[in-house]
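Structure assessment
Spelled out from the first residue to the last, the chains are:
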Amino acid sequence: MYAGNAATLRRIDVLKRILSGTTNKNHIRGLSGIDRVTIDGVTKNIKASPNPEYIPRQYLRLDAEGNLDVSQTVLHHLRWMLQKDNLGQDIFLLGRPGPLRRNVAMQFIELTQRELEYVSLSRDTTESDLKQRREIEAGTARYHDQSAVRAAINGRVLVIEGVEKAERNVLPVLNNLLENREMNLEDGRLLIPAERYDKLLEQYGAEELTRWGLVRVSEDFRVIALGLPVPKYRGAPLDPPLRSRFQARDVTNLSYQ
């Protein structure tokens, strides 16, 4: 059978299921409604998301018994990521070129029902692409928060892909955010960690902190960086101070079995 005929038959089969009102039971659109995830003794409680449209969909499958339908290798990766998430640590996934690292990150975010912010780095990426970008609206210049700032404030998972492609003067912008959960913004505001903000809130109140330009970084904020091993592949290696902020894991290609 030719490949074109096989593709046509698959499309016809999908169309028949849609018209008959039946779908594949093993495929789900999301994992909404669960309040806890456990993988081999590692448990994480799931918080309800105020913005479910930011949660990745269709990266996970369940079998007929409601268990995850993924390989054992991916399951080990997800368990390790659950451990690091519970410890409040940021993650760096290393591996060969391909979609596997990104798919594992998306599966983890969907599994834990977390909101996602995504940044793809290149040599053209600047500080404003990570922090704030100034735009003209109705003749007035306004600052707009970018993915890293939105993720920190709203407690989302920031996925940074292509770390080895970024210039050396760009990633240190995130160094203070990763280490101390602090960042100076172009509009005069200052991101500070949740523990420190809560203590100041008890002493001075929300109105005073707003006047000072202090913004709370959510305790749920996490960073998942995706990169290639350098110098095996072309790119710039991470600086040691920034590299020490991550917990790294080698995501190898799945075997045939």
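Each chain has its residues counted from 1, running along the sequence as written. For a predicted model such as this one, the threshold for reporting local features is a pLDDT of at least 70, and the threshold for listing and counting side-chain atom pairs is 80 or more; totals across whole chains, interfaces and linings nevertheless cover every residue. Water and hydrogen atoms were dropped before computing side-chain values, which therefore reflect all heavy atoms in the structure.

As annotated in an unreviewed UniProt entry, the protein chain carries the name ATPase dynein-related AAA domain-containing protein and is attributed to Lutzomyia longipalpis.

Quick look at the pairing of strand 2 (residues 42-45)
Looking along a regular strand, one sees the side chains alternate between the two faces of the sheet. Only protein chains enter the accessibility calculation, which uses a 1.4 Å probe. A residue is then buried if its area is under 20% of the maximum for its type, exposed if over 50%, and partly exposed in between. Runs of H or I in DSSP of at least four residues are treated as helices and runs of E of at least two as strands, each being numbered from the N terminus. Side chains V42 and K44 project from strand 2 onto a buried face, and the interleaved T43 and N45 project onto a face without burial. Strand pairing is assigned whenever DSSP identifies at least 2 bridges connecting the two strands. Note: strand 1 (residues 36-39) against strand 2, 4 bridges, orientation antiparallel. Bridge pairing in strand 2 places I39 opposite V42.

Details of the pattern of salt bridges
In what follows, salt bridge is the name for a side-chain nitrogen of Lys or Arg lying within 4 Å of a carboxyl oxygen of Asp or Glu. Counted under the stated rule, the structure contains 21 salt bridges. Salt-bridge contacts for K47 lead to D220; the nearest nitrogen and oxygen are separated by 3.0 Å. Taken together, the residues K47 in the loop between strand 2 and helix 2 (72-86) and D220 in the loop between strand 10 (214-217) and strand 11 (222-227) connect sequence positions 173 residues apart. Measuring nitrogen to oxygen at the nearest pair gives 3.6 Å for the salt bridge that ties R142 to E137. Through salt bridges with shared partners, a single ionic network connects K44, D85, R114 and R222.

Brief notes about helix 3 (residues 100-111)
With 12 residues, helix 3 extends 16 Å between its outermost C-alpha atoms, agreeing within 8% with the 16 Å of an ideal straight helix rising 1.5 Å per residue. The buried fraction of helix 3 is high, at 10 of 12 residues. Taken residue by residue, helix 3 has L100, R101, V104, A105, M106, Q107, F108, I109, E110 and L111 as its buried positions. Contacts between residues were defined by any pair of non-hydrogen atoms, one from each residue, lying within 4.5 Å. The secondary structure elements touched by the buried residues of helix 3 are strand 1, helix 2, strand 3 (90-94), strand 4 (116-120), strand 7 (157-161) and strand 11. Immediately downstream of helix 3, the backbone of Q113 shows phi near 55°, a positive value. Expected helix span is taken as 1.5 Å per residue step, with the number of steps being one fewer than the number of residues.

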